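# Examination of the molecular architecture
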Amino acid sequence: MKTDTEIRAEGMRLLMKGLGEVNAERFLALMNREKFDYTIWRRQQWQHETVKSLAEKARELRRLSQS
């Protein structure tokens, strides 16, 4: 199991890799500013989706990325 420090370091590395340093910092500032509950967001994120609809969206994204 990873320590809290290791998780924070890996999270920052992935954020910076995906967003760049400036946008990673902006993302963190936005998250700290908002009243955001990640657990509630995750529970509600796919609430109106089915496995079939998500699979169709994934196939479409793959198709578009290969174009």
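Basis of the calculations
- Residues numbered from 1 in each chain as written.
- Predicted model: local features only at pLDDT ≥ 70, side-chain atom pairs only at ≥ 80, totals over all residues.
- Heavy atoms only, no water.
- Helix = DSSP H or I, 4+ residues; strand = E, 2+ residues; numbered from the N terminus.
- Rg over C-alpha atoms; globule rule 2.2 N^0.38 Å.
- Buried < 20%, exposed > 50% of the residue type's maximum accessible area, 1.4 Å probe, protein only.
- pLDDT = per-residue confidence, 0-100.
- Polar contact = N/O pair within 3.5 Å; in protein donor to acceptor, adjacent residues only side chain to side chain.
- Expected span 1.5 Å × (residues − 1).
- Salt bridge = Lys/Arg side-chain N within 4 Å of Asp/Glu carboxyl O.

Before going further, it helps to examine the overall build of the chain. A count of helices and strands for the chain gives four helices and zero strands. Counted from the first residue to the last, the chain has its helices and strands arranged as α-α-α-α. Taken over C-alpha atoms, the radius of gyration comes to 16 Å for the chain, far larger than the 11 Å a tight globule of 67 residues would show. Projected onto the principal axes, the alpha-carbon positions of the chain cover approximately 35 × 30 × 30 Å. By the burial criterion, 4% of the 67 residues in the chain qualify as buried.

Another aspect to go through is the confidence of the model for the chain. Mean pLDDT for the chain: 91, with 100% of residues reaching 70 or above. Element-level pLDDT for the chain is lowest in helix H3 (residues 38-45), with a mean of 88, against a maximum mean of 95 in helix H1 (residues 4-19).

Glancing now at the side chain of Ser53. Tracing the chain through its elements places Ser53 in helix H4 (residues 51-66). In this structure the side chain of Ser53 is engaged in a polar contact, spanning 2.9 Å, whose partner is the backbone nitrogen of Thr50.

Another point: H1. With 16 residues, H1 extends 22 Å from end C-alpha to end C-alpha; this agrees with the ideal 22 Å at 1.5 Å per step. The first or second residue beyond H1 is Gly20, which carries a positive phi of 90°.

This part is about the pattern of salt bridges. The final tally for this structure, using the stated rule, is three salt bridges. One salt bridge connects Glu10 with Lys2, and the closest N-O pair in it is separated by 2.2 Å. Residue class for Lys2 comes out partly exposed when judged on its relative accessible area of 44%. A salt bridge links Arg63 to Glu60; the nearest nitrogen and oxygen atoms lie 2.6 Å apart. On the criterion of helical spacing, the pair formed by Arg63 and Glu60 is a turn pair, its members being three residues apart in helix H4.

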